[in-house]
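Results of the structural survey
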There are 2 protein chains.
Amino acid sequence: MAGARAAILDAVKSALSIEEIEVLPPGPGEVQVKYVASGVCHSDLHAITGDMLHPLPVILGHEGGGIVEAVGSGVTTCQVGDHVLTSYIPSCGTCSYCTIGRPNLCALRDRPRHLMLDGTSRFRRRDGSFVNHFLQVSSFATRAVLLQEGVIPIRKDAPLDVVCLVSCGVTAGMGAVLNRAKVKPGSTVVVFGCGGVGLNVIQAAELAGAGRVIAVDRLPYKLGLAEEFGATHLIDASKEDPVKRVHEITGGVGADYAFEAIGAPRVIETMLECLHRGGEAYIIGVSPHGARISIDPSLLVQERVLSGSSFGGSRQRVDLPMIVDLFMQGKVKLRELVSRRLGLDDVNRAFELLNRGEVARSVLVYT
Amino acid sequence: MAGARAAILDAVKSALSIEEIEVLPPGPGEVQVKYVASGVCHSDLHAITGDMLHPLPVILGHEGGGIVEAVGSGVTTCQVGDHVLTSYIPSCGTCSYCTIGRPNLCALRDRPRHLMLDGTSRFRRRDGSFVNHFLQVSSFATRAVLLQEGVIPIRKDAPLDVVCLVSCGVTAGMGAVLNRAKVKPGSTVVVFGCGGVGLNVIQAAELAGAGRVIAVDRLPYKLGLAEEFGATHLIDASKEDPVKRVHEITGGVGADYAFEAIGAPRVIETMLECLHRGGEAYIIGVSPHGARISIDPSLLVQERVLSGSSFGGSRQRVDLPMIVDLFMQGKVKLRELVSRRLGLDDVNRAFELLNRGEVARSVLVYT
């Protein structure tokens, strides 16, 4: 049993409390990771606000980077000392989804994600009570136990307090472009929402050779970031109609691809209206529990495609290390995503900044 | 100027009137066709009921088979004596859609479809007034002028009073399976609606080697046809919950593909719920003007695909003759689709039968 510091959510809409906890040793197929850093993502915020329902108390955080410090029996995919990213969607390697090359849809998603596979938690409070895991990652802790299916070794020369962002937001955005849409050179891409995910849609579209990358947001700060990340056109949706502007920019044709990195139902509908016949729209953002989108079916009958992207359609063990490589080669911007570096004690401050749209990403760094 | 008999719609929800009309000679790029037969489709019915808005008066019909009897200047794609099917979506061959192999999305769709490209009609009543074209096809007439872009020559040994169904419903259904979904052998396909389109989804799924073809309808007569066309499982939606039954049939997994051949918003939503993560749903049916569908976006974020199929995603000049060939080889059922053969004078009777769900397809035969 090892000690750790962790940020615990006890009740919806309350502040996280920073506590010393105990971490039980990894069981069979489990891995104990000493976290070095974690990004702070909107999905964590959704759990706090109650837009995502989750058993409480819980240690949030799912964008972690760390070092393996112990492995349970039967662990074959990593060893002590490995530098690792987390995959908040585990992949078992043998279900029908993994087998056909879609490990991001792995059957393990259908198991409870707030406990380990044996139905228990590895986190114990000082009073002996248990705390739930979050997506079997819980990176708002200095130490955690994960499924080996959710631990992805990467090269040791990459800075974990930067590349931890690849564990969710970066891959969610880049993968939607590269794996799901397979954006073609010369094409026109529209991106709604220029935060920690949308900026990665933008840089992946540029990497894929898109001819036009049209960024849509309501915050000038984020539109500024969008330009820095490669957007060729900016639309301030608080001042202009995005559908009209996209059609103007494309000479009346419409866009080839659209991405929504917000999870706002109305924006999803708008995105579809920006496309020409046969164009493709991908939802990346997670909508509040119970949300519905309303669509004119004739847009779809004309062969527009509406789909989504779950962890960027990624093949985790291939794509996460690949994106880290692209960063190390200078082809992908990650440092520019880190608006703030904070300690674990400042986690509530990180959520305030996120909620106000004042950051692309905050990173919590554990020293 | 040539005479013809035609069924004319003068007002929404009124009976068509059978009249002698004059057909002006084909202009440049136009083709005069003596129709031999025409299928009667739900889209024609939508124009009568007002679910589809259309300028009146109009000569409906868009599932025609006939023989070229005159061509205007500059016509290069057919000649007098050719046996032809009609393509209610013309393809110009040079727009960006046609160029990338998606001629069913051709830019000519953006032009008014109730008149020829010069903005006038070729149909004149005895009193000298003009009557609108319908999708530049108007096959509820013994003779019409069409764009050469909407005329598809086929082999002369095929019976036009049967293969005329390939001009819309058969291609709409088969093409959705073969061109849009590209259904793989062994997969599970669900089809909602077993009329003139849905039956062709079923037979194409069987042709493509689907492992299970699950047919859903509310009418026992249509479920009987579905079985005849290759369905392996039947669901009477008036008695059973299709979502629950599909999951039972697939051992809890869900279907790989779903098709909706009705145009009913609620059914479109249901279709999506029948799929496993990453499954694909295609809307074929045309919904009433102004209809909206309401969807849980989380179904899409899990990489289910919602799209549609417009004239079966067909490459008209390739696919229509190919389907005729498959029929002549005995691999595609067409005669079994023809529930009734009627004369042009019986067109209103044909719509009554269609409206009551008593036919897969009626064919009007002009002698």
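Every value quoted in this text rests on a predicted model; they were computed, and no experiment measured them.

Moving on, we get to the overall build of chain A. When helices and strands are counted, chain A shows 11 helices and 19 strands. Here the C-alpha atoms of chain A give a radius of gyration of 20 Å, agreeing with the 21 Å that 2.2 N^0.38 yields for 367 residues. Counting only C-alpha atoms and orienting by the principal axes, one finds that chain A spans roughly 65 × 40 × 40 Å. As displayed, chain A offers around 12900 Å² of accessible surface, 52% of which is attributable to carbon and sulfur atoms. Each charge sign in chain A was given a centre, from 37 positive and 38 negative side chains, and these centres are 2 Å apart.

Before going further, it helps to examine the side chain of Ser 38 of chain A. Residue and element names in this part refer to chain A. Among the secondary structure elements, Ser 38 is positioned in strand β3 (residues 30–40). In this structure the side chain of Ser 38 is engaged in a polar contact, spanning 2.8 Å, whose partner is the side chain of Ser 139. Other than its neighbours up to four places away in sequence, Ser 38 contacts Gly 61, Glu 63, Gly 64, Ser 139, Phe 140, Cys 164, Ser 362, Val 363, Leu 364 and Tyr 366.

Residue and element names in this part refer to chain B. Along the chain, Pro 90 turns up in the loop between β6 (83–86) and α2 (96–99). Between the alpha carbons of Pro 90 and Gln 329 there is a distance of 27 Å; along the sequence they are 239 residues apart. Each residue touching Pro 90, except ones within four places of it in the same chain, is listed here: Pro 103, Cys 106, Leu 108, Arg 113, Gln 136, Leu 147, Glu 149, Gly 150 and Gln 316.

With an axial shift of 0.0 Å and an RMSD of 0.0 Å, the rotation relating chain B to chain A amounts to 180 degrees. Read as a symmetry element, the transformation amounts to a two-fold axis. Within chain B, Ser 294 of chain B has its C-alpha nearest the rotation axis, a separation of 2.2 Å. In this assembly the copies share their binding face: 97% of the residues contributing to the interface of chain B also contribute to that of chain A.

Next up on the list: the packing of helix α4 (residues 169–181) of chain A against helix α10 (residues 316–328) of chain A. Residues and elements named next belong to chain A. Packing of α4 against α10 leaves a shortest axis separation of 11 Å and a crossing angle of 100 degrees. Here α4 lies roughly perpendicular to α10, going by the angle between them. Two secondary-structure elements touch here, α4 through Val 170, Thr 171, Met 174 and Asn 179 and α10 through Asp 319, Leu 320, Ile 323 and Leu 326. Classifying every residue of the contact of α4 with α10 gives 5 nonpolar, 2 polar and 1 charged.

Within this structure, the stated rule accounts for 6 aromatic pairs over all chains. Relative to Tyr 282 of chain B, the ring of Phe 259 of chain B lies with its centre 5.7 Å away and its plane at 20 degrees, an arrangement referred to as stacked. Highlighted residues: Phe 259 of chain B in strand β14 (residues 255–260) and Tyr 282 of chain B in strand β15 (residues 275–283), separated in sequence by 23 residues. Accessibility classification places Phe 259 of chain B together with Tyr 282 of chain B in one group, the buried group. Over the ring of Phe 229 of chain A we find Lys 333 of chain A, and its NZ or CZ is 5.8 Å from the ring centre.

Turning our attention to the interface of chain B and chain A. Interfaces are often sized by the accessible area lost when the parts come together. Listed as interface residues are 37 residues of chain B and, on the opposing side, 36 residues of chain A. Surface buried jointly by chain B and chain A totals about 2900 Å² across both partners, of which 47% is contributed by carbon and sulfur atoms. On the chain B side of the interface with chain A, the three residues burying the most area are Arg 277, Val 301 and Glu 303 of chain B, jointly 26% of the side's total. Inspection of the region where chain B meets chain A yields 8 salt bridges. Here chain B and chain A share 25 residue pairs in polar contact (both at pLDDT 80 or more) between them.

In this section: the pairing of strand β19 (residues 361–365) of chain B. Residues and elements named next belong to chain B. With 5 of 5 residues buried, β19 lies mostly within the body of the structure. Along β19, one buried face is formed by Arg 361, Val 363 and Val 365 and the opposite face, lined by Ser 362 and Leu 364, is buried too. Where strand β3 (residues 30–40) meets β19, 4 bridges bridge the pair, whose relative direction is antiparallel. In the sheet register, Gly 39 faces β19, and the bridge partner there is Val 363. Relative to β19, strand β18 (residues 338–342) runs parallel, the two sharing 4 bridges.

Glancing now at helix α6 (residues 220–228) of chain B. Residue and element names in this part refer to chain B. What α6 keeps buried is the set Lys 222, Leu 223, Leu 225 and Ala 226. Buried residues along α6 cover an arc of 155 degrees about the axis, so they all sit on one side. Away from the buried face of α6 by more than 90 degrees, exposed residues Pro 220 and Glu 227 are located. Contact partners of the buried residues in α6: α5 (198–207), β12 (212–217) and β13 (233–236). Following α6 by one or two positions, Gly 230 has its phi on the positive side, about 120 degrees.

Attention now goes to the state of the cysteines. Residues and elements named next belong to chain B. One pass over the full model with this rule turns up 0 disulfides over all chains. Among the cysteines around Cys 78, which has no disulfide bond, Cys 92 carries the closest sulfur, lying 16 Å off. There is no disulfide at Cys 92, and the cysteine sulfur nearest it, in Cys 106, is 3.7 Å away. What makes Cys 92 partly exposed here is its relative accessible area of 29%.

Averaged over all residues, the pLDDT of chain A is 96; the fraction at 70 or higher stands at 100%. For this predicted complex, the interface confidence reaches an ipTM of 0.94, while the overall pTM sits at 0.95.

Quick look at the side chain of His 62 of chain A now. All names here are of chain A. Its place among the elements puts His 62 in the loop between β4 (58–59) and β5 (64–71). Of note is the side chain of His 62, whose polar atom sits 3.0 Å from the side chain of Asp 44. Beyond its immediate stretch of four places on either side in the chain, His 62 contacts Cys 41, Ser 43, Asp 44, Thr 86, Tyr 88, Phe 134, Leu 135, Val 137, Ser 139, Ser 167 and Cys 168.

With that out of the way, let us pick up unusual backbone geometry. Residue and element names in this part refer to chain A. With omega at -5 degrees, the peptide bond leading from Leu 56 into Pro 57 counts as cis. You can see Pro 57 is positioned in the loop between α1 (42–49) and β4. At Leu 135, a residue that is not glycine, the phi angle is positive and equals roughly 55 degrees. Phi at Phe 311 takes a positive value of approximately 50 degrees, unusual for a residue other than glycine.

All names here are of chain A. Domain annotation for chain A reports domain 1 (2–167 + 334–365) and domain 2 (170–310). Once you take the C-alpha centre of each, domain 1 and domain 2 turn out to be 28 Å apart. Counting residues at the interface gives 20 residues for domain 1, matched by 17 residues for domain 2. Carbon and sulfur atoms make up 55% of the area that domain 1 and domain 2 hide from each other, which totals about 1500 Å². Where domain 1 meets domain 2, there are 0 salt bridges. Our count for the domain 1 to domain 2 interface comes out at 7 residue pairs in polar contact (both at pLDDT 80 or more). Residues of the side of domain 1 that touches domain 2, tallied by class, amount to 9 nonpolar, 5 polar and 6 charged.

Criteria and cut-off values
Residues numbered from 1 in each chain as written. Chains lettered and ligands numbered in written order. Predicted model: local features only at pLDDT ≥ 70, side-chain atom pairs only at ≥ 80, totals over all residues. Heavy atoms only, no water. Helix = DSSP H or I, 4+ residues; strand = E, 2+ residues; numbered from the N terminus. Rg over C-alpha atoms; globule rule 2.2 N^0.38 Å. Areas by Shrake-Rupley, 256 points an atom, 1.4 Å probe, with all protein chains shown as cover. Lys, Arg positive; Asp, Glu negative; His and termini not counted. Charge placed at Lys NZ, Arg CZ, Asp CG, Glu CD. Polar contact = N/O pair within 3.5 Å; in protein donor to acceptor, adjacent residues only side chain to side chain. Contact = heavy atoms within 4.5 Å. Least-squares fit on C-alpha atoms with pLDDT ≥ 70 in both. Axes fitted to C-alpha atoms, helices over the stretch in contact; angles between N-to-C directions. Parallel < 35°, antiparallel > 145°, perpendicular 65-115°, else oblique. Nonpolar A, V, L, I, M, F, W, Y, C, P; charged D, E, K, R; others polar. Phe/Tyr/Trp six-rings, centres within 6.5 Å; stacked < 30°, edge-to-face > 60°. Buried < 20%, exposed > 50% of the residue type's maximum accessible area, 1.4 Å probe, protein only. Lys NZ or Arg CZ within 6 Å of the ring centre and 35° of its normal. Buried area = accessible area lost by both parts, 1.4 Å probe. Salt bridge = Lys/Arg side-chain N within 4 Å of Asp/Glu carboxyl O. Pairing = 2+ DSSP bridges. Arc of directions from axis to C-beta. Disulfide = S-S within 2.5 Å. pLDDT = per-residue confidence, 0-100. Domains from an automatic or database assignment.

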